[in-house]
Amino acid sequence: MSFFKKLFNRVTGKPENETPPPAEEQAEEVAPESEPLPEPEPDTQPEPEAQPEPIITAAVEPAPESRIGWFSKLSEGLSKSSRSITGSITSIFTKKKLDKATLQDLEDVLLQADLGLPMAERILREVATGRYDKEIDPEEVKQILAAEVAKVLKPVEVPFRFGAEKPFIILVVGVNGAGKTTTIGKLGAIARREGFSVMFAACDTFRAAAIEQLNVWGARIGAKVMSRPTGSDASGLAFDAIAEAKQDGTEILFIDTAGRLQNKQYLMDELDKIVRVIKKQDEAAPHAVLLVLDATTGQNAMAQAEIFTKVAGVTGLIMTKLDGTARGGILVAIAEKFKIPVHAIGVGEAIEDLQPFDAEGFARAIAGLEDA
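One numbering rule holds for all chains: residues counted from 1, following each sequence as written. Totals for whole chains, interfaces and linings use all residues, but because this is a predicted model, local features are given only for residues with pLDDT of at least 70 and pairs of side-chain atoms are given and counted only at 80 or more. With hydrogens and water set aside, each side-chain value is computed from the structure's full complement of heavy atoms.

Colleague: Could you clarify how one ought to interpret the overall build of the protein chain in this entry?
Modeller: Helix and strand definitions follow DSSP, with helices as H or I runs of at least four residues and strands as E runs of at least two, each counted in order from the N terminus. Helix and strand content of the protein chain: 13 helices and 8 strands. Residue burial in the protein chain is summarised as follows: out of 372 residues, 54% are buried. Residue pairs in contact within the protein chain that sit at least 24 positions apart in sequence constitute 80% of those at least 6 positions apart. Total accessible area on the protein chain is roughly 15800 Å²; 51% of this is exposed by carbon and sulfur atoms. Here's how the labels work: a residue is buried when its accessible area is under 20% of the maximum for its type, exposed when over 50%, partly exposed in between, all with a 1.4 Å probe on protein chains only. In what follows, residue pairs with any heavy atoms lying within 4.5 Å of each other are defined as contacts. To be clear on the numbers: accessible area is Shrake-Rupley with a 1.4 Å probe, and residue cover counts the displayed protein chains and nothing else.

Colleague: It is not clear to me how the sheet that holds strand β5 (residues 288-294) should be interpreted in this structure. Could you clarify?
Modeller: Working definition: the strands of a sheet are paired by backbone hydrogen bonds and lie parallel or antiparallel to each other. An order of β3-β2-β4-β1-β5-β6-β7-β8 is seen for the 8 strands of this open sheet, with the pairing classed as mixed. Pairing within the sheet leaves two strands with one partner each, and these edge strands are β3 (224-226) and β8 (354-356). Neighbour-to-neighbour, the strand axes of this sheet turn through a mean angle of 20°, independent of strand direction. Geometry is summarised by axes, namely lines fitted to C-alpha atoms with helices restricted to the contacting stretch, and by angles between N-to-C directions that run from 0 to 180 degrees. Along the sheet, helix α9 (residues 234-248) contacts β1 (168-173), β2 (198-203), β3 and β4 (252-257); its crossing angle with β2, the most-contacted strand, is approximately 170°. Helix α10 (residues 265-281) rests against β1 and β4 of the sheet, and its axis sits at about 175° to β1. Pairing between strands is defined by DSSP: at least two bridges between them are needed.

Colleague: Would you take a moment to explain the packing of helix α3 (residues 79-93) against helix α6 (residues 138-153) for this structure?
Modeller: The geometry of a pair of packed helices is captured by two quantities: the angle between their axes and the separation between those axes. Closest axis-to-axis distance for the α3/α6 pair is 9 Å, and the angle between their directions is 135°. Here α6 runs oblique to α3, going by the angle between their axes. Remark: the crossing between α3 and α6 carries right-handed chirality. Contacts from Ile85, Thr86, Ile89, Thr90 and Phe93 in α3 reach Pro138, Val141, Lys142 and Leu145 in α6. Think of it as three bins: nonpolar holds Ala, Val, Leu, Ile, Met, Phe, Trp, Tyr, Cys and Pro, charged holds Asp, Glu, Lys and Arg, and polar takes everything else, Gly as well. Residue classes in the contact of α3 with α6 are distributed as 6 nonpolar, 2 polar and 1 charged. Oblique is the label for any angle not covered by the other classes, which are roughly parallel (under 35 degrees), roughly antiparallel (over 145) and roughly perpendicular (65 to 115). Left-handed describes a crossing whose near helix is turned anticlockwise from the far helix through less than a right angle; right-handed describes the clockwise counterpart.

Colleague: Is there a simple way to explain helix α11 (residues 299-312) in this structure?
Modeller: Expected helix span is given by 1.5 Å per residue-to-residue step, counting one fewer step than there are residues. Counted at 1.5 Å a residue, the expected span for α11 with its 14 residues is 20 Å, and the 20 Å between its end C-alpha atoms agrees. For α11, the complete set of buried residues consists of Ala301, Met302, Gln304, Ala305, Phe308 and Ala312. Buried positions in α11, seen along its axis, are confined to an arc of 165° and lie on one side of it. Buried-residue contacts for α11 involve β1, α10, β5 and α12 (330-338). Looking one or two residues past α11, Gly313 carries a phi angle of roughly 65°, positive in sign. What the arc measures is the spread of directions leading from the helix axis to the C-beta atoms.

Colleague: How do you make sense of the side chain of Thr250 when you look at a structure like this?
Modeller: Its place among the elements puts Thr250 in the loop between α9 and β4. Take Thr250: its relative accessible area is 5%, and that puts it in the buried class. At a separation of 2.6 Å, a polar atom in the side chain of Thr250 contacts the side chain of Asp248. Apart from the residues lying within four places of it in its own chain, the contact partners of Thr250 are Lys166, Pro167, Ser197, Val198, Met199 and Ala245. Polar contacts here mean pairs of N or O atoms no more than 3.5 Å apart (in protein, one a potential hydrogen donor and the other a potential acceptor; neighbouring residues in sequence count only if both atoms are side-chain atoms).

Colleague: Can you walk me through the pattern of salt bridges in this structure?
Modeller: It is possible for side chains of opposite charge to pair when their charged atoms get near one another. For this document, the term salt bridge refers to a Lys or Arg side-chain nitrogen within 4 Å of an Asp or Glu carboxyl oxygen. Applying the stated criterion across every chain yields a total of 17 salt bridges. Here Lys321 ties to Asp294 by a salt bridge, and the two come within 3.7 Å at their closest N and O atoms. One end of the pair, Lys321, is in the loop between β6 (316-320) and α12; the other, Asp294, is in strand β5, and 27 residues separate them in sequence. Of the residues examined, Lys321 reaches a relative accessible area of 31% and is grouped as partly exposed. With a relative accessible area of 8%, Asp294 lands in the buried category. The residue Glu306 makes a salt bridge to Lys310 at a minimum N-O spacing of 3.5 Å. Of the two residues, Glu306 and Lys310 both sit in helix α11, 4 residues apart, roughly one turn of that helix. Of the residues examined, Glu306 reaches a relative accessible area of 33% and is grouped as partly exposed. In this structure Lys310 comes out as exposed when scored by relative accessible area, which is 64%.

Colleague: Would you explain the confidence of the model for the protein chain in this entry?
Modeller: Interpretation of this model should avoid reading the predicted coordinates in detail wherever pLDDT is low. Values of pLDDT, ranging from 0 to 100, describe the predictor's confidence in every residue of the model. With 80% of its residues at a pLDDT of 70 or more, the protein chain shows a mean pLDDT of 82. Contacts from residues 10-64, a stretch scored under 50 in pLDDT, to residues over four places away or in other chains number 102 contacts.

Colleague: Any chance you could explain the side chain of Thr205 here in plain terms?
Modeller: Mapped onto the fold, Thr205 is located in the loop between β2 and α8 (208-221). Judged by relative accessible area, Thr205 falls into the buried class, the value being 3%. Among residues more than four places away in sequence, those in contact with Thr205 are Ile211, Thr230, Gly231, Ser232, Ala234 and Leu237.

Colleague: Before we go on, may I ask you to explain the packing of α9 against α10 in this structure?
Modeller: Two numbers describe how α9 lies on α10: the axes approach to 8 Å, and their chain directions differ by 30°. By the angle between their directions, the pair α9 and α10 is classed as roughly parallel. As for how α9 packs across α10, the hand of that crossing is right-handed. Residues Ala234, Ser235, Ala238, Phe239, Ile242, Ala243 and Lys246 of α9 pack against Glu270, Lys273, Ile274, Val277, Ile278, Lys280 and Gln281 of α10. Of the residues in the contact of α9 with α10, the class split is 8 nonpolar, 2 polar and 4 charged.

Colleague: What should I look at first to understand helix α5 (residues 117-128) in this one?
Modeller: In an α-helix there are 3.6 residues to a turn, and that puts residues three or four apart on one side. Between its first and last C-alpha atoms α5 spans 16 Å; for 12 residues at 1.5 Å apiece the expected length is 16 Å, and the two agree. Regarding α5, the residues found buried are Met119, Ala120, Ile123, Leu124 and Val127. Considered in projection along α5, the buried side chains sweep an arc of 135° and stay on one side of the axis. Elements in contact with the buried residues of α5: α4 (100-112), α6 and α12. Immediately beyond the C-terminal end of α5, within one or two residues, lies Gly130, with a positive phi of roughly 75°.

Here it is as structure tokens:
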């Protein structure tokens, strides 16, 4: 089973080993795996991209990455978080008896990693049970940490399922700088590599950079892009994109949106308008609403998850930039509070650094443990 089919588990009855469409039915360009596009700064126009060389899509699926290879990449990506947590655990518990002071120190470490108070309290209870006033091996504490994190994350480890709707409309929301537009490009590239037809609707009409970025992605992977000049009506663009996708038989339509800050009510109102306009074309749409969160924002990500869920009805989460923070525990806190399905995580800039979420692997990596 290839990567895209692991992440997006199609439920149309189509066999998972079905051969992709012939190369001539696919676009001549696909995203090169080693040349990802970085997310531009919110207010910075990206430099013009050189024209990519056309690459003919092969009819043979790429081999899926082994779990060992992915776990190594995951561990490396989470190394800032795991080093912060496990280094402190080793310091706290080496040749020391478990007492009130050591438990307080452990709680401070867990909270600094943004794991959240409920998770920290559960780990403390588990560590203290039967071990008070005794020495405890730091490795044992790490095992407890991994086990408790996995308990919270396993229920939200949910593959992204899409059904027979054509087009399958995916609304992507999140604040500027979270990696939202880049994530859309990566998902589109993966979908094209699997042989699906893709359209991007560049409805972040507040930022010329976002419009340009999606146009570059579209040219590279052979996806149609619906865009209009900066300042255009985003909801009208979404409406027209759906109509065109229906007309030409596009299978997957990604709708980008502006970086709605939760304290900018007019932007949230605009997002609500887009959702209402989408439903005029298809009452069941959007069929999925993906929230892209930046792990480096810490507790701000909690507020974003709450407001976007209320306004847009978030159905799933993709967390990016876990490789850039020592506070990767925020994913655990969000999962525990909101119970939002986590479809994928990003631990780097390359397309292959966006992978299906693995609760057990994440738990062991953040605890600094080897793969089970």
